Amino acid sequence: MSFASSVRHFQTLVISFHSIIAIETVEEERVETLIHTACKDLQMMVFEWSVAQGLMRSPGSPGNRWRNGSDGQRPTPIGKTTDPLDMLRHLDGITYRAIYWLKDFGRHLKDPVVARQFREVAHQFSFNRSTLVITEDSMRLPSPLHQEAVYFDLKLPSPDELYQTISQVMRNLGSRAKVDLSPEDIHALVQAMRGMTLKQARQVIAYAALADGKLIATDVERVVQRKAQVIHEGGLLDYLPAAANMAQLGGFQGLKAWLQRAWVGFSPEAHRYNLPAPKGILIVGVQGCGKSLAAKTVARQWKLPLLKLDAGRLYDKYIGESEKNFHRAVTMAETMAPVVLWIDEIEKSMGQTSGEGDGGLSRRLFGSFLTWLQEKSQDIFVVATANDLSQLPPELLRKGRFDEIFFVDLPDAAERQAILEIHLQRRNQAISTFHLDTLVQATEGFSGAEIEHVINAALYRALYEQRQLDTALLLHEITSTVPLSIARREDMQRLRALAQERFVTVR
Ligand SMILES: Nc1ncnc2c1ncn2[C@@H]1O[C@H](COP(=O)(O)OP(=O)(O)O)[C@@H](O)[C@H]1O
Ligand SMILES: [Mg+2]
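Everything quoted here is computed from the prediction, not taken from an experiment.

J.: When you look at the overall build of the protein chain in this model, what are you seeing that I'm missing?
T.: In terms of regular secondary structure, the protein chain is built from 22 helices and 15 strands. Taking the principal axes of its C-alpha atoms as reference, the protein chain extends roughly 90 × 60 × 55 Å. Within the protein chain, the proportion of its 507 residues that are buried is 49%. The long-range share in the protein chain, meaning contacts at least 24 apart out of those at least 6 apart in sequence, stands at 79%. Summing over all exposed atoms, the protein chain offers an accessible surface of approximately 24,800 Å²; the carbon and sulfur share of this is 52%. Taken as two groups, the 59 positive and 59 negative side-chain charges of the protein chain have centres that lie 3 Å from each other.

Okay, here's the thing in structure tokens:
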């Protein structure tokens, strides 16, 4: 949603008698711009309140208060209104139409007296069409207020806001940094900043410029790195930029071919024919056989960034918070589209029994996920992975949820060879010095992870004994390993029987 449409939405709420608007955000400067832009058209006055400053009339135009200091006048607070209750009592008698922006106010509403007074003011405002706007980074309103308030979803900054931010920073830098950016570079910078708040975007650009006195094309990389950090700190997602994705997956020819075919779904031609873009895939199968690696490969093959959702971290002990977290995560993904959204081991967070004793939370979360999957319109490709089929809610496996469900079995001979080669090469070993056929045969029943483990263990031994890694050392490790396919033969056979008849194999 563009900022202009946010403003229109906000105005409509105000004129349609919504006397409490709650905005969960850390971006107060954008709230300020939103309110001021909206009020200019509506010709309404704006007041703001904080516990530190009390209630005061907001200066008419946003942006001239502290920044250029041209008028230099700080507005004066209205006497004795720093206390929330005093302020609300003051509002109680006011009859003219205005917007009252109360900063960090959610926490004060935990006090029953404040909450009561707040409701009375809101009730009165619903007749004269004044509005209370409350903001806080994270808000949990007590029950009656929760129903009476309307939650306004202030999306992350849109490309045009980010573009304006870059221009503003460049202007402010003046002679302190030399700017050498083509229109394409600026476009790339804006793309890289998507998913950041305005403040973060401004900081990262200013830092990039001032660190070496210039702002140039290669600074995009710095922005991308900073974004990865910002997203990680957000706590729900991890970000792997396309350029940093080095996933190397042996085998999986079927999946790779499917990805190649599906890619046309994102093309302009597909849009022209109104073809829906690919939605996502589910990869189920044996542990250690490359499902997680395959998820990274999807992003790599399509040269898209990867967002990994840590579904376990969505959980919050407060009712409604987990769904909110989910919403927050997918909003981030939507802001960054086109992107691959990877949900690893989905059965652990949204599975059938993971929800026992949590009051149906995982069911609700799963419900939110299904609805979102069905309705999402942006270019977000979901890759979900699962080890345990029996834990998955059957709805997830129904036709049409995912574009395809892939089953990953133990690697066959050709795949084991590819996996051996990938991992030997990665450890700087010359493939030609090994009897690959022997190793391929000896590792029958091994998963990719087990093959990798064998190579690591043998290389350790080689280092310790100060000799070259060779086939004999590898064979020694192989024969002393009991693969899961033997240790847990029944489990695996059950999985295979269930999956093989229903899903496409990755080969
Ligand atoms: N097909 C494969 N090609 C290359 N490496 C593999 C393959 N399968 C497994 N591996 C190795 O095993 C590790 C574990 O695999 P992973 O993708 O985490 O398995 P899963 O998610 O299915 O449990 C990987 O990091 C990789 O090093
Ligand atoms: Mg995995």
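Back to the write-up after that little detour.
J.: Looking at this model, I keep getting lost on the sheet that holds strand S11 (residues 306–309). Mind explaining?
T.: Strands in a sheet are paired, the pairing made by backbone hydrogen bonds, and the direction either parallel or antiparallel. Taken together, the seven strands give an open sheet; going across it, the order is S9-S11-S12-S13-S10-S14-S15, and neighbouring strands pair in mixed fashion. The two strands at the open ends of the sheet, each matched to only one other strand, are strand S9 (237–240) and strand S15 (504–505).

J.: Explain the layout of surface pockets here, please?
T.: Approximately 960 Å³ is the volume found for the largest pocket. Lining the largest pocket are 32 residues, with Glu 24, Thr 25, Asp 137, Leu 156 and Arg 328 sitting closest to its centre. Secondary-structure elements contributing two or more residues to the lining of the largest pocket are strand S1 (20–24), strand S6 (150–152), helix H9 (219–234) and helix H13 (321–336). Per element, the largest residue contribution to the lining of the largest pocket is seven residues, and it comes from H13.

J.: What's the story with the packing of aromatic side chains in this structure? I'm lost.
T.: Counted according to the given criterion, the structure contains 15 aromatic pairs. Taken together, a centroid distance of 6.4 Å and an interplanar angle of 35° make the contact between Phe 47 and Tyr 96 tilted. Of this pair, Phe 47 sits in strand S2 (residues 45–50) while Tyr 96 sits in the loop between helix H3 (84–92) and strand S4 (98–103), and the two are 49 residues apart along the sequence. Exposure remark for Phe 47: the relative accessible area of 6% places this residue in the buried category. Relative accessible area serves as the criterion here: at 39%, Tyr 96 is assigned to the partly exposed category. Ring centres of Phe 326 and Trp 372 lie 6.2 Å apart, and the angle between their planes is 90°; this geometry places the pair in the edge-to-face category.

J.: Got a minute to help me understand the pairing of strand S5 (residues 131–136) in this structure?
T.: Where a strand is regular, its side chains alternate between the two sheet faces. Of all six residues in S5, six are buried; the element is thus mostly enclosed. Of the two faces of S5, both are covered, the one formed by Thr 131, Val 133 and Thr 135 as well as the one formed by Leu 132, Ile 134 and Glu 136. Across five bridges, the pairing between S1 and S5 is parallel. Pairing of Ile 20 across the sheet is with Leu 132, part of S5.

J.: How should the confidence of the model for the protein chain be read in this particular structure?
T.: Predicted coordinates in regions of low pLDDT should not be interpreted in detail. Counting all residues, the mean pLDDT for the protein chain is 89, and 95% of those residues have values of 70 or more. Residue range residues 61–70 is modelled with pLDDT below 50. Its contacts to residues more than four positions away, or to other chains, number 12 contacts.

Cut-offs used in this document
Residues numbered from 1 in each chain as written. Chains lettered and ligands numbered in written order. Predicted model: local features only at pLDDT ≥ 70, side-chain atom pairs only at ≥ 80, totals over all residues. Heavy atoms only, no water. Helix = DSSP H or I, 4+ residues; strand = E, 2+ residues; numbered from the N terminus. Buried < 20%, exposed > 50% of the residue type's maximum accessible area, 1.4 Å probe, protein only. Contact = heavy atoms within 4.5 Å. Areas by Shrake-Rupley, 256 points an atom, 1.4 Å probe, with all protein chains shown as cover. Lys, Arg positive; Asp, Glu negative; His and termini not counted. Charge placed at Lys NZ, Arg CZ, Asp CG, Glu CD. Pairing = 2+ DSSP bridges. 1 Å grid on protein atoms, 1.4 Å probe; cavity = no way out; pocket = protein on both sides within 12 Å on 5 of 7 lines; lining within 4 Å. Points joined across faces, edges and corners; volume = space filled by probe spheres on them. Phe/Tyr/Trp six-rings, centres within 6.5 Å; stacked < 30°, edge-to-face > 60°. pLDDT = per-residue confidence, 0-100.

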